[in-house]
Amino acid sequence: MLEKKDKVALVVCSTGRVSEDKIKLDKLEKILIDLDLVPIFSNYVYEEKFKRSAPAKCRAKEIMKFYEDDSIKTIFDISGGDLANEVLDYLDYDIIRMKNKPFFGYSDLTTVLNAITTKTQQATYLYQIMNILDNVERRADFKGTLLHNKSNLVDISWHFLQGESIEGIVVGGNIRCFLKLAGTEYFPNVDNKVLFLEGMSTTIEGLITHLTQLKQIGAFNKISGLLLGTFTKIEQNFQNEDIYEILKDFIPENIPIVKTTEVGHSKDSKMLVIGQKIKL
């Protein structure tokens, strides 16, 4: 995916970074340089008014600048929170399709990842590059996967809660943010897709209401399987068995369900590819 001396863009589609994050971003820049990459930061990184780093049109224009610049090989979003869906109407999906550059992000970037995949039929990457700051093992996985075509970062362990096999194109991401796309042109066609869901601050009642909405829009009658990542807050007090007990109220018995502890909001999270076929 990447080669030495490649330029990589670092953008903020979601909530702007706080000024105190400069130390972290300086460290990220140094790590990328040590990996023989050339990091190029967006002009809009730190939060200003309304928690934005810039108005939506400006943030989208900055992203498109990196897509149109052939020297930029990959785009990493370094944000999360809210606001990412604000840029969707201002992206040029024809150019994105033509340039076909890997785009990485997680959490609130679920909106951008699924919109790009829906509009272009190209894969996007559910992964937060900030994870390589303190986790040396994940940094090595990142280097091996992106620079040496190994599978370290995408080698995910799953276990079945229901069914015996899963196959299909992956859609989804953070459950709260994924539902921001419901009813819009950016929501993916979930027919025969494998839906991935995870959450950070989602409460148990939040999970139930999100699952209810997915059921009410007919998602669970169309998907071919369900992938579950980590639900950080919920898993502090509840076990996988409890989550599965809730899921049984929503997911038909013929839909296979698998769970992993390796994809979500933790700093050791691995990478899941949206828009790519998975077979378990």
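First things first, this report covers the structure right here in the doc. Please read all numbers here as calculations on a predicted model, not as lab measurements.

A few points about the sheet that holds strand 6 (residues 159-162)
Then, in step 1: Spatially, 6 strands are ordered 6-10-9-8-7-12 in an open sheet, and the strand pairing comes out mixed. Two strands in the sheet have a free side with no partner beyond their single neighbour: strand 6 and strand 12 (277-279). Going from strand to strand, the sheet's axes swing by 35 degrees on average, the running direction of each strand aside.
Then, in step 2: Sheet analysis places strand 9 (residues 225-231) next to strand 10 (residues 257-259), joined by 3 bridges and oriented parallel. If you follow Leu 228 over to strand 10, its bridge partner there is Lys 259.

Digging into the packing of aromatic side chains
Then, in step 1: Per the counting criterion, the structure on display carries 6 aromatic pairs.
Then, in step 2: Where Phe 76 meets Phe 142, the ring centres are 5.9 Å apart and the plane angle is 50 degrees; that geometry is what we call tilted. Here Phe 76 is found in strand 3 (residues 72-77), whereas its partner Phe 142 is found in helix 5 (residues 136-148), with 66 residues between them in sequence.
Then, in step 3: A residue is classified by how much of its surface remains accessible, and Phe 76, at 0% relative accessible area, is buried.
Then, in step 4: Consider the rings of Tyr 93 and Tyr 186, whose centres lie 6.0 Å apart with planes at 40 degrees: the pair is tilted. Taken together, the residues span a long stretch of sequence, with Tyr 93 in helix 3 (residues 93-99) and Tyr 186 in the loop between helix 6 (175-178) and strand 8 (194-199) at a distance of 93 residues.
Then, in step 5: Taking the relative accessible area as the measure of exposure, Tyr 93 reaches 10% and is therefore buried.

A word on the sheet that holds strand 2 (residues 38-41)
Then, in step 1: Strand order in this open sheet of 6 strands is 2-1-3-4-5-11, and the pairing throughout is mixed. The open sheet has two edge strands with one neighbour each: strand 2 and strand 11 (272-274). Pairs of neighbouring strands in the sheet enclose a mean axial angle of 25 degrees, with direction left out of account.
Then, in step 2: Inspection of the sheet shows strand 1 (residues 7-11) paired to strand 3 by 5 bridges, in the parallel sense. Across the sheet, residue Val 8 finds its bridge partner in strand 3, namely Thr 74.
Then, in step 3: Helix-sheet contacts for helix 1 (residues 22-34) involve strand 1 and strand 2, and the interaxial angle to strand 2 is about 150 degrees.
Then, in step 4: Most of the contacts of helix 4 (residues 110-120) go to strand 5 (residues 124-126), to which it runs at about 155 degrees, and overall it touches strand 4 (103-105), strand 5 and strand 11.

Focus: the pairing of strand 2
Then, in step 1: Strand direction decides the pairing type here: strand 1 and strand 2, joined by 4 bridges, are parallel. Paired with Leu 10 across the strands is Phe 41, a residue of strand 2.
Then, in step 2: Chirality of the crossover, the property in question, places the unit of strand 1, helix 1 and strand 2 among those that are right-handed.

As for helix 1
Counting along an α-helix, one turn takes 3.6 residues, and residues three or four places apart therefore face a common direction.
Then, in step 1: Its 13 residues place the ends of helix 1 18 Å apart at the C-alpha level, agreeing with the 18 Å of an ideal helix rising 1.5 Å per residue.
Then, in step 2: When we look at burial in helix 1, the residues that qualify are Leu 25, Leu 28, Ile 31 and Leu 32. End-on view of helix 1: buried residues confined to an arc of 120 degrees, all on one side of the axis. Away from its buried face, by an angle of more than 90 degrees, helix 1 presents the exposed residues Ile 23, Lys 30 and Asp 34.

Looking at helix 4
Then, in step 1: With 9 of its 11 residues buried, helix 4 lies for the most part within the structure.
Then, in step 2: What helix 4 keeps buried is the set Thr 110, Thr 111, Val 112, Leu 113, Asn 114, Ala 115, Ile 116, Thr 117 and Thr 120.
Then, in step 3: Backbone geometry just after helix 4 places Gln 121 at a positive phi near 65 degrees.

Analysis parameters
Residues numbered from 1 in each chain as written. Predicted model: local features only at pLDDT ≥ 70, side-chain atom pairs only at ≥ 80, totals over all residues. Heavy atoms only, no water. Pairing = 2+ DSSP bridges. Helix = DSSP H or I, 4+ residues; strand = E, 2+ residues; numbered from the N terminus. Axes fitted to C-alpha atoms, helices over the stretch in contact; angles between N-to-C directions. Phe/Tyr/Trp six-rings, centres within 6.5 Å; stacked < 30°, edge-to-face > 60°. Buried < 20%, exposed > 50% of the residue type's maximum accessible area, 1.4 Å probe, protein only. Contact = heavy atoms within 4.5 Å. Right-handed = clockwise from strand over helix to strand, strands pointing away. Expected span 1.5 Å × (residues − 1). Arc of directions from axis to C-beta.

Read these as layout, nothing more, since geometry by itself doesn't imply function.
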